[in-house]
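Commentary on secondary and tertiary structure
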Amino acid sequence: MKTSQLDGLDPELRAPLEALLGNYPGGVYAIEDLAERRRIDALHAAQMNEAVKAAQTCSTEDVQVPGPTGCAPVPLRIYRPRNLQPASPSVFFIHGGGMCLGDLDYEHATAVKICEELGVLVVSSGYRKAPEHPHPAQVDDCYAALCWMSDNATSLDFDPERLTIFGGSAGGNLALATALRARDLAGPALAYIMALYPMVDHRHTTPSAHQITNIGVWDRKTNIEAWEWFLAGQTPDGYAAPLHAADLTGLPPTFIDVGTADAFRDEDIALAQRLLAAGVPTELHVYPGVYHAAEHYAPDAEAAGHMWTVRIRALRKALHIQPAPTDTEGHGHHN
């Protein structure tokens, strides 16, 4: 009997994936028409956000800030927790979507979670998408937005010494690329990078890039297509594919996590090894039976709760935030 790639998954994570595959054979990313894929993806995000928006206690403000020279403004969403302390730490947040999907609503739930659980200012950045806008439009936009945030630390009232950059998947790539650019241009000082299952290698040559082929979420075919759109025939530089940046020294401490059933597993492990070799303090977590962005599909699963407990604890430590009185070891988090 042929085994399915779903057989090795955490059972709690498998159920929502099978439900999705029931509606969209092959998954949403198997839809050939990009406009239709974007429409369905946005619909899913809107559905997930309904409950979050009804329950959230943080405030949000949407603004447009100057983009790269000669380019359109960059849309940002500023999240402020209810009891924001003066000169709080802050998180510059970049959504995922394979460089071709997503907007400020795409990972609204995650931005709310970080803002409310840590009690910090979160600034979420939009950016132009491929294939309409190939590299370097994405990192150009994110870097322009980061510079705006840093320049406005006083009016936004955050501590510029405790500014971290956060992103998952394509957002993880852009968090790393933006941090590399900030280092190279002596731009905003970053205290920490949190890159969740980042998309960092354009070559598709690792074992995991070959193994994850029909799981229904981000897999080999989707990834090859996304990189082709993103690079548009260019030879990638270190800002496009951070795993291959010539020099990783001088980056801030970095956190990476990835699942064993993620096409990015091996490139993320290789990135952590390169960062460590470059003297960058690096924390790496590899979660068994977890597929790409599983916590978005199964937010109430035990594995998702565990991953978030680890992430929030790491962010607290990096940003010197005292745990809330209810946040005892391994408890007190909510999904």
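Residues numbered from 1 in each chain as written. Predicted model: local features only at pLDDT ≥ 70, side-chain atom pairs only at ≥ 80, totals over all residues. Heavy atoms only, no water.

A few words on the packing of helix H2 (residues 34–55) against helix H3 (residues 108–118). Two measures define how a pair of helices packs: the angle their axes make with one another and the distance between the axes. The N-to-C vectors of H2 and H3 enclose an angle of 30 degrees; their axes lie 9 Å apart at closest approach. If you check the angle between H2 and H3, you find them roughly parallel. Here Asn 49, Val 52 and Lys 53 of H2 lie close against H3, whose contacting residues are His 108, Ala 109 and Val 112. Its residues assigned to classes, the contact of H2 with H3 comprises 3 nonpolar, 2 polar and 1 charged. (Axes fitted to C-alpha atoms, helices over the stretch in contact; angles between N-to-C directions. Helix = DSSP H or I, 4+ residues; strand = E, 2+ residues; numbered from the N terminus. Parallel < 35°, antiparallel > 145°, perpendicular 65-115°, else oblique. Contact = heavy atoms within 4.5 Å. Nonpolar A, V, L, I, M, F, W, Y, C, P; charged D, E, K, R; others polar.)

Turning our eyes to something else, we now look at the pairing of strand S5 (residues 158–168). With 9 of its 11 residues buried, S5 lies for the most part within the structure. Relative to S5, strand S3 (residues 88–94) runs parallel, the two sharing 6 bridges. Each residue of the ladder has a partner; that of Phe 92, found in S5, is Ile 165. Strand direction decides the pairing type here: S5 and strand S6 (residues 192–196), joined by 5 bridges, are parallel. Bridge pairing links Ile 165 to Ile 193 in S6. Chirality of the crossover, the property in question, places the unit of S5, helix H6 (residues 170–184) and S6 among those that are right-handed. (Buried < 20%, exposed > 50% of the residue type's maximum accessible area, 1.4 Å probe, protein only. Pairing = 2+ DSSP bridges. Right-handed = clockwise from strand over helix to strand, strands pointing away.)

According to the stated counting rule, one finds 19 salt bridges in the structure shown. The partner of Glu 132 in a salt bridge is Arg 38, and the shortest N-O contact between them spans 2.8 Å. Remark: Arg 38 occurs in helix H2 and Glu 132 occurs in the loop between strand S4 (121–125) and helix H4 (137–151); sequence separation between them is 94 residues. Overall, the relative accessible area of 47% leaves Glu 132 in the partly exposed class. In this structure, Asp 105 engages Lys 53 in a salt bridge whose closest nitrogen and oxygen atoms are separated by 3.6 Å. Placement of the pair is Asp 105 in the loop between S3 and H3 and Lys 53 in helix H2, with a sequence separation of 52 residues. Residue classification places Asp 105 among the partly exposed residues on the basis of a relative accessible area of 28%. Salt bridges sharing common partners tie together Lys 53, Asp 62, Arg 77 and Asp 105. (Salt bridge = Lys/Arg side-chain N within 4 Å of Asp/Glu carboxyl O.)

Here the focus is empty space enclosed by the protein. Counted by the stated rule, this structure contains 1 cavity of 30 Å³ or more. For the lining of the largest cavity, the class distribution of residues is 3 nonpolar, 3 polar and 1 charged. (1 Å grid on protein atoms, 1.4 Å probe; cavity = no way out; pocket = protein on both sides within 12 Å on 5 of 7 lines; lining within 4 Å. Points joined across faces, edges and corners; volume = space filled by probe spheres on them.)

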